[in-house]
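Understanding the architecture of this molecule
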Amino acid sequence: MAQQISESELILMKIIWKNEGSSLYSLIMEELEKDKNEWKNNTVLTLLSRLVEKKFLKIKKIGRRNEYTATVTEAEYQAMQTHRFLDKVYGGNVKNLVSTLLRQDILSADELKEIETFWRNEHE
C-alpha cells in the first residue's frame, strides 16, 4: 500500500479505527461534530471516496446506508508511516533516529530504559 493519506483523511481513519475498524457514515458525522469539525457532507463523502480508491477503506451497503471498514489497522498504518519516515529522513538508519531523539531531549533516559526493557522482554 504505497499511497499516502492526507491529514483530513487521517482524521476519518482515526474515527473508524476508534470504532473497532468499522463505522456507518452517520456515526462518522456524529464524531466529527463532537470534535467541533464543521465539514460539509460532500467534503466527508469525498474524503471517504478517496480512502476507498486508495484501498484504505471498503464500503458495505446496509440497506440505504454505507458502512466503511478499514482494510488496514491503525498499528499497520503507524508501522508503514514509521518505515516511510525512517527511510526518507534517516536513510533507514534507526541509530541516527534514536540519536536525534536523545540529543533533542525528545526521548528521556527513563523512556530509553523502558524501551530497552520492552525489547528484552519481546526477544526472550
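Now for a look at the structure at hand. (Residues numbered from 1 in each chain as written. Predicted model: local features only at pLDDT ≥ 70, side-chain atom pairs only at ≥ 80, totals over all residues. Heavy atoms only, no water.)

**Let's talk about the packing of aromatic side chains**
Counted according to the given criterion, the structure contains three aromatic pairs. Between Trp-17 and Tyr-77, the aromatic rings sit 5.7 Å apart at their centres with planes inclined by 40°, giving tilted as the arrangement. Placement of Trp-17 in helix α1 (residues 7-18) and of Tyr-77 in helix α4 (residues 74-90) is noted, with a sequence separation of 60 residues between them. Across the pair, exposure class does not vary: Trp-17 and Tyr-77 are buried alike. Centroid distance Phe-85 to Tyr-90: 5.9 Å. Interplanar angle 65°. Geometry classified as edge-to-face. For Phe-85, a relative accessible area of 41% gives the class partly exposed. Assessed through its relative accessible area of 19%, Tyr-90 is described here as buried. (Phe/Tyr/Trp six-rings, centres within 6.5 Å; stacked < 30°, edge-to-face > 60°. Helix = DSSP H or I, 4+ residues; strand = E, 2+ residues; numbered from the N terminus. Buried < 20%, exposed > 50% of the residue type's maximum accessible area, 1.4 Å probe, protein only.)

**Quick look at the sheet that holds strand β3 (residues 65-70)**
Strand order in the open sheet made by the three strands is β1-β3-β2, with antiparallel pairing throughout. Because the sheet does not close on itself, it has two edges, and the strands there are β1 (22-24) and β2 (57-62). Across the sheet, the mean angle separating the axes of adjacent strands is 25° when strand polarity is ignored. Each of β1 and β3 touches helix α2 (residues 25-34); the most contacted strand, β1, lies at about 90° to it. Each of β2 and β3 is contacted by helix α3 (residues 41-53), which is oriented at about 115° to β2, the strand it contacts most. (Pairing = 2+ DSSP bridges. Axes fitted to C-alpha atoms, helices over the stretch in contact; angles between N-to-C directions. Contact = heavy atoms within 4.5 Å.)

**Side note on α2**
Those residues of α2 not exposed but buried are Tyr-25, Ile-28, Met-29, Glu-31 and Leu-32. Within α2, the buried residues cover an arc of 160° as seen down the axis, which keeps them to one side. Exposed residues on α2 whose side chains face more than 90 degrees from its buried face are Glu-33 and Lys-34. Those residues of α2 that are buried lie in contact with α1, β1, α3 and β3. Looking one or two places after α2, you find Lys-36, whose phi comes out positive at around 60°. (Arc of directions from axis to C-beta.)

**Looking at the layout of surface pockets**
Considering only enclosed or pocket space, the largest pocket measures out at about 230 Å³ in volume. Around the largest pocket, the lining residues are Ala-79, Thr-82, His-83, Leu-86, Val-94, Leu-97, Val-98 and Leu-101. In the lining of the largest pocket, the residues fall into six nonpolar, two polar and no charged. If you add up the space inside the second largest pocket, you get close to 170 Å³. Lining the second largest pocket, in full, are Val-98, Leu-101, Leu-107, Leu-112, Ile-115, Glu-116, Phe-118 and Trp-119. (1 Å grid on protein atoms, 1.4 Å probe; cavity = no way out; pocket = protein on both sides within 12 Å on 5 of 7 lines; lining within 4 Å. Points joined across faces, edges and corners; volume = space filled by probe spheres on them. Nonpolar A, V, L, I, M, F, W, Y, C, P; charged D, E, K, R; others polar.)

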